[in-house]
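Chain residues, written in single-letter form:
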Amino acid sequence: MKRTKDKKFMQEVFFLAEKGRGTTSPNPMVGAVVVKGNRIVGRGYHKRAGSPHAEIIALQEAGTKSREATLYLNLEPCVHYGRTPPCVPRIIEKGIKRVVIAMLDPNPRVNGKGITMLREAGIEVEVGIEEEKARKLNEFYIKYITTNLPFVILKWAMSLDGKIATRTGDSRWISGDKSRIFVHSLRNQVDGILVGIGTVLQDDPILTVREVPARKQPLRIIIDPKLSFPLTAKMLQEEGGNILIFTCEDIDKNKKEFLLSKDIEIIPCGKKRIQVANMLKILGKREITSLLVEGGSKVFTEFLENKLTDKVYAVVSPLLLGGEKALTPFEGRGVEKVKDGIQFKKIHWFFRGEDVIMEGYPKYSAEDK
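Residues numbered from 1 in each chain as written. Predicted model: local features only at pLDDT ≥ 70, side-chain atom pairs only at ≥ 80, totals over all residues. Heavy atoms only, no water.

A. Region of the structure containing the nonpolar core. By size, the foremost hydrophobic cluster in this structure holds 40 residues, and its most contacted members are V34 and V99. Non-local contacts of V99, meaning those with residues more than four positions away in its chain, are made with L71, L73, I91, L118, I123, E124, V125 and E126. With 32 residues, the next largest nonpolar core counts W156, L283, V299 and A314 among its residues. (Core = buried A, V, L, I, M, F, W, Y, C linked by side-chain atoms within 4.5 Å. Buried < 20%, exposed > 50% of the residue type's maximum accessible area, 1.4 Å probe, protein only. Contact = heavy atoms within 4.5 Å.)

Structure, rendered in structure tokens:
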């Protein structure tokens with residue numbers, strides 16, 4: 001009976017936490033509810049880094065009703081000073097009797113310390129209610145805080161015969177209107193959008209959030225070894241997130257100076273070839289916790305072959321393109337046997353208009369379940 005009740009109130013916690021999607025980075029999304037007498041007396045969620053944490057807002061709303069009440073959280077409360085003071089002392093001070101937490105905070109500065117402090121203060125603590133849901137909610141944060149690397153999502157749209165462009169390179173539009181709205185909702189959640197220079201030259205994308213109300217504009221990142229970025233690119237004309245170009249060392253100095261004058265940042269990342277793993281380390285140091293990779297085929301292949309992909313969204317549209325030279329999302333040398341191909345776990349299929357979208361996580365080893 002108690003567990004059923006805990007699950008019920010945890011759903012409200014997740015609903016609140018979701019309100020911070022796309023705005024809390026590099027912090028996690030957290031929701032909190034204070035319950036007394038089977039009634040919610042306080043609610044809160046974390047809005048953005050530097051703003052009050054969810055539990056503090058919920059406790060303030062509950063006021064004196066928090067004494068002897070139960071606090072529900074999707075993530076362990078913090079015990080350290082960051083952009084804001086620690087939350088555990090406030091929970092103890094407010095007289096909370098019981099705390100129900102979906103999952104431990106994997107941040108090494110927390111990771112069980114909050115629970116220990118609560119229990120030492122005589123507060124009953126239960127951990128693990130809806131943990132799987134909690135881990136998916138904050139998958140960006142978990143990857144980043146444990147590795148200092150961004151969570152990498154690959155997204156492509158392809159025809160029924162697996163083509164992401166025609167034999168002439170045309171790709172607008174393979175996906176339908178509703179799928180494109182979904183993609184813009186993904187852009188609205190991440191810290192950065194990445195494409196290769198081939199996509200810039202072929203499609204001249206803007207790489208902004210437009211089809212949904214923008215909570216922010218993510219950093220626009222280009223892999224461009226020879227600095228072939230066109231000076232007529234729409235990205236230079238349209239407002240959006242800042243632009244960062246990763247290049248190799250031997251590039252046109254005059255062009256570099258011109259782009260720098262347009263407030264574009266240029267970072268060398270390899271002598272003759274962009275080192276994608278090193279690029280991700282640089283982005284991690286800049287607190288880019290999540291990265292949406294949108295093209296093209298060479299870039300997708302680089303991320304997949306080097307096992308640098310955390311998640312894939314494949315949009316499949318009901319049309320056939322044909323053509324031997326038409327690109328597929330995954331090129332490279334390929335495998336000799338079907339059993340050696342990259343498989344996916346936790347697969348979820350859903351429709352957007354006439355398109356079907358697969359959400360899945362790559363399995364890179366037999367142990368990866």
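Still more to cover.
B. How the structure looks around helix α11 (residues 276–285). Listed as buried for α11 are V276, M279, L280, L283 and G284. Mapping the buried residues of α11 onto a view down its axis gives an arc of 140°, with all of them on the same face. Just downstream of α11, E287 is the residue with a positive phi angle, here 65°. (Helix = DSSP H or I, 4+ residues; strand = E, 2+ residues; numbered from the N terminus. Arc of directions from axis to C-beta.)

C. Representation of the pattern of salt bridges. On inspection of all chains with the given rule, the structure shows 17 salt bridges. Put simply, R43 and E12 hold a salt bridge, and the shortest N to O gap is 3.0 Å. Of this pair, R43 sits in strand β2 (residues 39–45) while E12 sits in helix α1 (residues 2–18), and the two are 31 residues apart along the sequence. Look at R43 and you get partly exposed, because its relative accessible area is 36%. (Salt bridge = Lys/Arg side-chain N within 4 Å of Asp/Glu carboxyl O.)

D. A look at the side chain of D355. Locating D355 in the fold gives a position in strand β14 (residues 355–363). There is no salt bridge for the buried D355, and the closest opposite charge comes from R180, which lies 6.7 Å off by N-O distance. (Lys, Arg positive; Asp, Glu negative; His and termini not counted.)

E. Inspection of the packing of aromatic side chains at higher detail. Taken as a whole and assessed by the stated rule, the structure comprises five aromatic pairs. Residues W156 and F300 carry aromatic rings whose centres are separated by 5.3 Å and whose planes lie at 55° to one another, so their mutual orientation is tilted. Taken together, the residues W156 in strand β6 (residues 151–158) and F300 in helix α12 (residues 297–305) connect sequence positions 144 residues apart. In terms of burial, W156 and F300 fall into one category: buried. Judged by centre distance (5.3 Å) and plane angle (70°), the ring pair of F182 and Y313 falls under edge-to-face. In this pair, F182 is assigned in helix α7 (residues 177–187) and Y313 in strand β12 (residues 311–316), connecting sequence segments 131 residues apart. By way of ring pairs, the aromatic residues F182, Y313 and F350 are connected into one cluster. Over the ring of Y361 we find K346, and its NZ or CZ is 5.9 Å from the ring centre. (Phe/Tyr/Trp six-rings, centres within 6.5 Å; stacked < 30°, edge-to-face > 60°. Lys NZ or Arg CZ within 6 Å of the ring centre and 35° of its normal.)

F. View of the sheet that holds strand β3 (residues 70–73). The strand order β2-β1-β3-β4-β5 describes an open sheet built from five strands, whose pairing is mixed. Sheet topology places β2 and β5 (124–127) at the edges, where each strand pairs with a single neighbour. If you compare each strand with its neighbour and ignore which way they point, the axes differ by 15° on average. The pairing of strand β1 (residues 31–36) with β2 spans six bridges and is classified as antiparallel. When the sheet's bridge partners are listed, V33 is paired in β2 with R43. Running over the sheet, α1 touches β1, β2, β3, β4 (98–101) and β5 and is turned about 140° from β1. Most of the contacts of helix α2 (residues 54–62) go to β2, to which it runs at about 140°, and overall it touches β1, β2 and β3. (Pairing = 2+ DSSP bridges. Axes fitted to C-alpha atoms, helices over the stretch in contact; angles between N-to-C directions.)

G. Region of the structure containing helix α4 (residues 113–120). Every buried residue of α4 is listed here: G114, I115 and L118. End-on, the buried residues of α4 take up no more than an arc of 95°, which puts them together on one face. Structurally, α4 contributes buried residues whose contacts are with α3 (88–93), β4 and β5. Among the residues trailing α4, G122 stands out with phi positive, at a value near 90°.

H. Layout of the sheet that holds strand β10 (residues 265–268). Spatially, nine strands are ordered β10-β9-β8-β7-β11-β6-β12-β14-β13 in an open sheet, and the strand pairing comes out mixed. Where the open sheet ends on each side, the last strands, each with one partner, are β10 and β13 (343–352). This sheet shows a mean twist of 20° between the axes of neighbouring strands, independent of strand direction. Bridge count for β6 against β12 is six bridges, and the pairing is parallel. Across the sheet, residue I153 finds its bridge partner in β12, namely K311. Across the sheet, α12 is in contact with β6, β7 (192–196), β8 (219–223) and β11 (290–295); its angle to β6 comes to roughly 135°.

I. Structural detail: the environment of K133. Relative to the elements of secondary structure, K133 occurs in helix α5 (residues 131–137). For K133, a relative accessible area of 40% translates into the label partly exposed. A polar contact is formed between the side chain of K133 and the side chain of Q11, at a distance of 2.8 Å. (Polar contact = N/O pair within 3.5 Å; in protein donor to acceptor, adjacent residues only side chain to side chain.)

J. Structural context of the environment of K345. Residue position: K345 is located in strand β13. For K345, a relative accessible area of 18% corresponds to the buried category. Considered as a pair, K345 and R119 are 226 residues apart in the sequence and their alpha carbons are 37 Å apart.

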